[in-house]
Amino acid sequence: MPLKLQVIICSTRPGRVGPAVARWFHGFAHNHGQFDVELVDLADFHLPLYDEPVHPRMQQYTHDHTKRWSASVASADAYIFVTPEYNYSAPPSLVNALDFVYKEWNYKPCGFVGYGGVSGGLRSVQSVKPQVTTLKMMPMVEGVAIPMVATHIQENGDFTSNDLIDASATALLDELLRWATALKPLRA
């Protein structure tokens, strides 16, 4: 049975391009053929600022949105966070979603597809890596950076990659598979 990979759209704002980038990566990962790939949109969970009365490590969730998010996160073996850069850092929606649960993230690898202007989302990715390691996740060194993302969005709203982006995506998925396979026994 293939390992389950969630491709998570991290931006929740109106007018976002994250869904277009994530749909492309989802298709790319599917064609890679090594994962059972699921596209997840943070906006669908309607997570408020953290509102559980008990620390997430205890998994004593009282709100339906937390229970749904917990079940979603727990179902995956690995994650790709498709994230923009907001003011040199990760979007608050991603930081909040990571904080909502704890054990569900443990001993799983994650990778990043960053997008934005000149930096291609690199500062966003670097700002969130310490947070994911605190959640006992293993962030990949390999990643996909998409500078000037607007130039890759077609009139129909679809994202179009190039050879460099595709090569980065392949390297990321190959390494993610190694780590997801190696870490699975730790979760048994």
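Heads up: the structure comes first, above all this text.
Note that the coordinates shown come from a computational prediction; the quantities given were computed from them, not determined experimentally.

A few points about the overall build of the chain
Now for step 1: For the chain, the helix and strand inventory stands at five helices and six strands.
Now for step 2: Mapped from its N terminus to its C terminus, the chain presents α and β elements in the order β-α-β-α-β-α-β-α-β-β-α.
Now for step 3: A compact globule built from 188 residues would reach a C-alpha radius of gyration of about 16 Å, and the chain, at 16 Å, matches this within 12%.
Now for step 4: Oriented by its inertia axes, the alpha-carbon framework of the chain measures out at about 45 × 35 × 25 Å.

Structural notes on unusual backbone geometry
Now for step 1: In this structure, His46 is a non-glycine residue whose phi angle is positive, near 50°.
Now for step 2: Relative accessible area serves as the criterion here: at 63%, His46 is assigned to the exposed category.
Now for step 3: Backbone geometry places Met148, a non-glycine residue, at a positive phi of 50°.
Now for step 4: Along the chain, the position of Met148 falls in the loop between strand 6 (144–146) and helix 5 (163–183).

Brief notes about the nonpolar core
Now for step 1: Counting 29 residues, the largest nonpolar core has Leu5, Phe25, Phe35, Ile80 and Ile146 as its most contacted members.
Now for step 2: Of all the elements in the fold, those that place two or more residues in this core are strand 1 (3–9), helix 1 (18–32), strand 2 (35–41), strand 3 (78–84), strand 4 (108–115), strand 6 and helix 5.
Now for step 3: Broken down by element, this core gets its largest block of residues, seven residues, from helix 1.
Now for step 4: Among the nonpolar cores identified, the runner-up in size contains 27 residues, and Phe45, Tyr61, Ala90 and Leu135 belong to it.

With respect to the environment of Gln154
Now for step 1: Position of Gln154 among the secondary structure elements: in the loop between strand 6 and helix 5.
Now for step 2: Spatially, the C-alpha atom of Gln154 lies 9.7 Å from that of Ala20, the residues being 134 residues apart in sequence.

A short note on the packing of aromatic side chains
Now for step 1: Evaluated as defined, the whole model comprises 10 aromatic pairs.
Now for step 2: Through pairs of rings, three or more aromatic residues link up here, namely Phe45, Trp69, Tyr79, Phe81, Trp105 and Phe112.
Now for step 3: Positioned above the aromatic ring of Tyr88, the side-chain terminus of Arg123 is 3.7 Å from the ring centre.

Overview of the pattern of salt bridges
Now for step 1: Here the structure, examined in full by the defined rule, presents six salt bridges.
Now for step 2: With a shortest N-O distance of 2.7 Å, Asp41 and Arg16 are connected by a salt bridge. One end of the pair, Asp41, is in strand 2; the other, Arg16, is in the loop between strand 1 and helix 1, with 25 residues separating them in the sequence.
Now for step 3: Of the charged contacts in the structure, one is a salt bridge between Glu175 and Arg178, with a shortest N-O distance of 2.8 Å. One end of the pair is Glu175 and the other is Arg178, both in helix 5 and three residues apart, which spans about a single turn.

What counts and how
Each chain carries its own residue numbering, running from 1 in the direction its sequence is written. Per-residue local features are limited, in this predicted model, to residues with pLDDT of at least 70; the limit for side-chain atom pairs, both in listing and counting, is 80 or more; totals at the level of whole chains, interfaces and linings are taken over all residues. By convention in this description, side-chain values take in all heavy atoms of the structure and omit both hydrogens and water. Numbering of helices and strands runs from the N terminus; a helix is a DSSP stretch of H or I covering at least four residues, while a strand is a stretch of E covering at least two. Radius of gyration: over C-alpha atoms. The globule rule applied is 2.2 Å multiplied by the number of residues raised to the 0.38 power. Working definition: with a 1.4 Å probe on protein chains only, accessible area under 20% of the residue-type maximum means buried, over 50% means exposed, and in between means partly exposed. What is meant by a nonpolar core is a set of buried Ala, Val, Leu, Ile, Met, Phe, Trp, Tyr and Cys residues, joined one to another through side-chain atoms within 4.5 Å. A pair of Phe, Tyr and Trp rings is counted when the ring centres sit within 6.5 Å of each other, with Trp represented by its six-membered ring. The angle between the planes then sorts it: under 30 degrees is stacked, over 60 is edge-to-face, the rest tilted. The criterion is that NZ of a Lys, or CZ of an Arg, lies within 6 Å of the ring centre and within 35 degrees of the ring normal, and then a charge sits over that ring. The term salt bridge refers to a side-chain nitrogen of Lys or Arg lying within 4 Å of a carboxyl oxygen of Asp or Glu.

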